[in-house]
Amino acid sequence: MSYSITEPSNRQKWIAGGLVIAYAILTLLPLAWIIATGFKTPADAIAYPPKVLFTPSLEGYVNLFTSRSRVTPEDLAALGPPTTWYDTIVRQYGMVITGASRYGERFLNSVIIGFGSTFLSVFLGTIAAYAFSRFKVPLKDDLLFFILSTRMMPPIAVAIPIFLMYRQLGLSDTHLGMILLYTAVNLSLSVWLLKGFIDEIPIEYEEAALIDGYTRFQAFYKVVLPQAATGIASTAIFCLIFAWNEYAFAVLLTSGTAQTAPPFIPTIIGAGGKDWPAVAAGATLFLLPIMIFTILLRKHLLRGITFGAVRK
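The shown structure was predicted, so the numbers you read here are calculated from the model rather than taken from an experiment.

1. Describing unusual backbone geometry
For the bond running from Tyr-48 to Pro-49, omega is 0°, close enough to zero to count as cis. The topology assignment puts Pro-49 in the loop between α2 (42–45) and α3 (59–65). Phi is positive for Leu-139, which is not a glycine, with a value near 55°. Overall, the relative accessible area of 61% leaves Leu-139 in the exposed class. Unusually for a residue other than glycine, Asp-173 sits at a positive phi of about 55°. For Asp-173, the location among the structural elements is in the loop between α8 (159–169) and α9 (175–200).

Here's what the structure looks like:
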């Protein structure tokens, strides 16, 4: 029995393209609204009906990066005219800038913890995946299932035991504690994804390298790793996305020194309550690193989510 594959008609292609574009617009609308809100004034941000057309303002970004204090009109007049554009924005509300906010510190914590845990997850996952793929490991299937089972449990289910353990070990509110925790959570995903990639690399490549005089480590480093670069890159993206956006553990285990941006952004308070432009500005800036990282590795990401779909 033979099968023939027919080429989609132009009409079908137009319909498929239209559906993809409509879905893309629908999913990008919330992101576009967040970005736009970051350039609104507090009054425009909470206006009803919502304002689509508005006069752009950098007030949200100024409030995000500064700490402000309200002063009396007399004290404000005694300060003289504002010397910078951000001073002008703040003084419109009878306030003065008293220093920098803590958003920069929280953002840096996210960078350290997110990229640190991603590196450890991918590094350890690559070694473990190589061992499972190339060597006869006792109880391999049981161990792989156990590793995968750690991903099945909702992280919040173990939050209280981890909180108590971290408090006893002195790891609460530390960069090291959060890096180790996110590494442990991501390791199962890393092992399973990378094992699939390494399984696809013909073992004959390594055998040829060993015959040429390479050691096992040299064959792994010079033969396997370059072939698995796509898998490593796509795995790194998935691990970073989790570590970058994680909220529950960050709220429970950090409060100051190691607090990341996700639990800090919702706490931004303005003169009359929640400062929505500043919150939107913080969310927009927080999205940029992960978007840039994903765009740079987008080809690897596409390969990572489709590997194994077609086998030769």
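2. Quick word on the environment of Ile-113
Tracing the chain through its elements places Ile-113 in helix α6 (residues 103–134). Classification of Ile-113 by relative accessible area gives buried; the value is 1%. Among all residues touching Ile-113, those that are not within four sequence positions of it are His-175, Met-178, Ile-179, Tyr-182, Ala-258 and Thr-260.

3. Comments concerning helix α11 (residues 216–227)
In a regular helix each residue adds 1.5 Å, so 12 residues correspond to 16 Å; α11 covers 16 Å between its end C-alpha atoms and thus fits that length. Restricting attention to buried positions, one finds in α11 the residues Ala-219, Phe-220, Val-223 and Val-224. Projection of α11 onto a plane perpendicular to its axis shows the buried side chains occupying an angular sector of 120°, all on one side. Opposite the packed face of α11, turned more than 90 degrees from it, sit the exposed residues Phe-217 and Tyr-221.

4. Describing the side chain of Gln-259
Following the sequence through the fold, Gln-259 ends up in the loop between α13 (248–253) and α14 (261–264). For Gln-259, a relative accessible area of 11% translates into the label buried. Engagement of the side chain of Gln-259 in a polar contact is seen with the side chain of Arg-106, the distance being 2.7 Å. Not counting residues within four places of it along the chain, the set of residues in contact with Gln-259 comprises Arg-106, Asn-109, Asp-173, Thr-254 and Phe-264.

5. As for the pattern of salt bridges
All chains considered together, the criterion is met by 6 salt bridges. A salt bridge links Glu-105 to Arg-102, with the shortest nitrogen-to-oxygen separation between them at 3.5 Å. With relative accessibility at 43%, the residue Glu-105 sits in the partly exposed group. Here Glu-206 and Arg-216 are joined by a salt bridge, their closest N and O atoms 3.3 Å apart. Here Arg-216 lies in helix α11 and Glu-206 lies in helix α10 (residues 203–211), a separation of 10 residues in the sequence. Relative accessible area serves as the criterion here: at 1%, Glu-206 is assigned to the buried category. When its relative accessible area of 37% is taken as the criterion, Arg-216 is described as partly exposed. When salt bridges with common partners are traced through the structure, they connect Arg-102, Glu-105 and Arg-106 into a single cluster.

6. Description of the packing of aromatic side chains
Under the criterion given, the structure shown has 14 aromatic pairs. Between Phe-39 and Tyr-61 the ring centres are 5.2 Å apart and the planes differ by 45°, which places this aromatic pair in the tilted class. Taken together, the positions of Phe-39 in the loop between α1 (10–37) and α2 and Tyr-61 in helix α3 put the pair 22 residues apart, joining distant regions of the chain. For Tyr-61, a relative accessible area of 15% gives the class buried. Relative to Phe-293, the ring of Phe-115 has its centre 5.9 Å away and its plane inclined at 90°; by these criteria the two rings are edge-to-face. One end of the pair, Phe-115, is in helix α6; the other, Phe-293, is in helix α15 (residues 276–296), with 178 residues separating them in the sequence. A relative accessible area of 34% means that Phe-115 is categorised as partly exposed. Through a chain of ring-to-ring contacts, the aromatic side chains of Phe-65, Tyr-103, Phe-107, Phe-115, Trp-244, Phe-264, Phe-286 and Phe-293 assemble into a single cluster.

7. Quick look at the side chain of Arg-134
Within the fold, Arg-134 resides in helix α6. At 3.3 Å, the side chain of Arg-134 and the backbone oxygen of Ile-198 are in polar contact.

8. What to know about the confidence of the model for the protein chain
Of all residues in the protein chain, 93% attain a pLDDT of 70 or more, and the chain-wide mean is 84. Ranking the elements of the protein chain by mean pLDDT puts helix α16 (residues 298–306) last, at 62, and α6 first, at 92. When the criterion is pLDDT under 50, residues 308–312 qualifies, and its contacts beyond four places in sequence or with other chains add up to 3 contacts.

The rules we used
- Residues numbered from 1 in each chain as written.
- Predicted model: local features only at pLDDT ≥ 70, side-chain atom pairs only at ≥ 80, totals over all residues.
- Heavy atoms only, no water.
- Helix = DSSP H or I, 4+ residues; strand = E, 2+ residues; numbered from the N terminus.
- Buried < 20%, exposed > 50% of the residue type's maximum accessible area, 1.4 Å probe, protein only.
- Contact = heavy atoms within 4.5 Å.
- Expected span 1.5 Å × (residues − 1).
- Arc of directions from axis to C-beta.
- Polar contact = N/O pair within 3.5 Å; in protein donor to acceptor, adjacent residues only side chain to side chain.
- Salt bridge = Lys/Arg side-chain N within 4 Å of Asp/Glu carboxyl O.
- Phe/Tyr/Trp six-rings, centres within 6.5 Å; stacked < 30°, edge-to-face > 60°.
- pLDDT = per-residue confidence, 0-100.

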